Amino acid sequence: MNVSSKPERTRLSAEDWELAALHLIAEQGVGALAVEALARQLGVTKGSFYWHFRTREALLNAALERWEQYGEREVLGQIEQIADPRKRLPELFRRVAHELQPHRVYAALLKALDHPQVVPVMARVSQRRMEFLTTAYREAGLPAQQALNRARLTYAAYVGFLQLNFTLGLPRINHEEFDAYVEHMIATLIPA
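Residues numbered from 1 in each chain as written. Predicted model: local features only at pLDDT ≥ 70, side-chain atom pairs only at ≥ 80, totals over all residues. Heavy atoms only, no water.

(A) Structural context of the overall build of the protein. Scanning the protein for helices and strands turns up 9 helices and 0 strands. Overall, the protein is about 70 × 35 × 35 Å in size when its C-alpha atoms are taken along their principal axes. In the protein, buried positions account for 42% of the 192 residues. Taking all contacts inside the protein whose residues are at least 6 apart in sequence as the whole, residues at least 24 apart take part in 66%. In the protein, 23 positive and 22 negative side-chain charges are present, and the distance between their average locations comes to 3 Å. (Helix = DSSP H or I, 4+ residues; strand = E, 2+ residues; numbered from the N terminus. Buried < 20%, exposed > 50% of the residue type's maximum accessible area, 1.4 Å probe, protein only. Contact = heavy atoms within 4.5 Å. Lys, Arg positive; Asp, Glu negative; His and termini not counted. Charge placed at Lys NZ, Arg CZ, Asp CG, Glu CD.)

Shown next as structure tokens:
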């Protein structure tokens with residue numbers, strides 16, 4: 001057998017495993033996360049997995065942390081940099097509207113709220129998002145109670161939209177209809 005004809009071994013990082021885990025969770029749910037199946041999907045042995053993680057639960061924790069940090073750093077962190085609060089909210093809506101993979105993960109995690117590793121992550125993420133929205137509405141000029149209520153309504157609309165699209169499998173809307181929906185949400189939920 002010619003050694004040079006063997007496929008080159010792929011070295012995966014912990015990040016590769018975490019991203020693959022998130023992709024699998026988004027597609028099939030938390031319950032589908034299995035080391036052997038993930039290794040097959042990645043084209044490597046389970047030994048590669050154990051180089052980075054001791055258990056499936058350790059991978060799940062790392063993947064959930066990566067997802068949580070992405071939302072904090074890449075979405076909320078960048079939106080917080082916008083100085084004008086009246087521009088911050090519309091930009092948040094538009095930015096979040098086009099983040100498909102994090103939404104799919106979120107929708108899958110909503111189905112796994114009985115999982116002990118998922119519950120604390122979802123509680124932290126939801127709390128942080130509510131705080132962010134409440135602050136953004138306050139800075140846009142709403143009184144404290146109105147800002148809190150508007151934040152609740154906004155977050156409920158977000159979660160509800162995910163449920164309708166990813167969980168219930170309602171017919172998909174086309175790109176133009178979706179953009180019109182996002183603009184309607186902005187006009188409806190952001191103070192003039």
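Okay, back to it.
(B) Structural detail: the environment of Arg152. Tracing the sequence through the fold places Arg152 in helix H8 (residues 144–167). The class of Arg152 is partly exposed, set by a relative accessible area of 45%. Put simply, Arg152 and Arg86 are 66 residues apart on the chain and 18 Å apart in space, counted from C-alpha to C-alpha. Those residues in contact with Arg152 that sit more than four places away from it in its chain are Met130 and Gln145.

(C) Main features of the layout of surface pockets. Estimated volume of the largest pocket: approximately 790 Å³. The element that contributes the greatest number of residues to the lining of the largest pocket is H8, accounting for 8 residues. Classifying every residue of the lining of the largest pocket by side-chain character gives 23 nonpolar, 6 polar and 3 charged. (1 Å grid on protein atoms, 1.4 Å probe; cavity = no way out; pocket = protein on both sides within 12 Å on 5 of 7 lines; lining within 4 Å. Points joined across faces, edges and corners; volume = space filled by probe spheres on them. Nonpolar A, V, L, I, M, F, W, Y, C, P; charged D, E, K, R; others polar.)

(D) Just the nonpolar core, in detail. Judged by nonpolar contacts, the single largest core of 60 residues is most densely connected at Trp17, Trp67, Phe93, Tyr106 and Leu109. Put simply, the parts of the chain that give this core at least two residues each are helix H1 (14–28), helix H2 (35–42), helix H4 (56–80), helix H5 (85–97), helix H6 (100–110), helix H7 (118–139), H8 and helix H9 (175–189). Both of domain 1 (9–64) and domain 2 (82–192) provide at least three residues apiece to this core. Non-local contacts of Trp17, meaning those with residues more than four positions away in its chain, are made with Leu12, Val35, Leu38, Ala39, Leu42, Val44, Thr45, Ser48, Phe49, His52, Phe53 and Leu59. (Core = buried A, V, L, I, M, F, W, Y, C linked by side-chain atoms within 4.5 Å. Domains from an automatic or database assignment.)

(E) Here's a closer look at the side chain of Arg56. You can see Arg56 is positioned in helix H4. A distance of 2.8 Å separates a polar side-chain atom of Arg56 from the backbone oxygen of Val30. The residues contacting Arg56, other than those within four sequence positions of it, are Val30, Gly31, Leu33, Val35, Phe49 and His115. (Polar contact = N/O pair within 3.5 Å; in protein donor to acceptor, adjacent residues only side chain to side chain.)

(F) Geometry of the UniProt feature "domain: HTH tetR-type" (unreviewed entry) in the protein. On the UniProt side, "domain: HTH tetR-type" (unreviewed entry) is annotated at positions that read residues 11–71 here. Within the segment residues 11–71, helix and strand shares are 75% and 0% respectively, and the terminal C-alpha atoms sit 27 Å apart. (UniProt positions renumbered as here; feature names shortened; annotations may be inferred.)

(G) Looking closely at the UniProt feature "DNA-binding region" (unreviewed entry) in the protein. Residues annotated in UniProt with the feature "DNA-binding region" (unreviewed entry) correspond here to residues 34–53. The distance from the first to the last C-alpha atom of residues 34–53 is 13 Å, and the span holds 75% helix and 0% strand.

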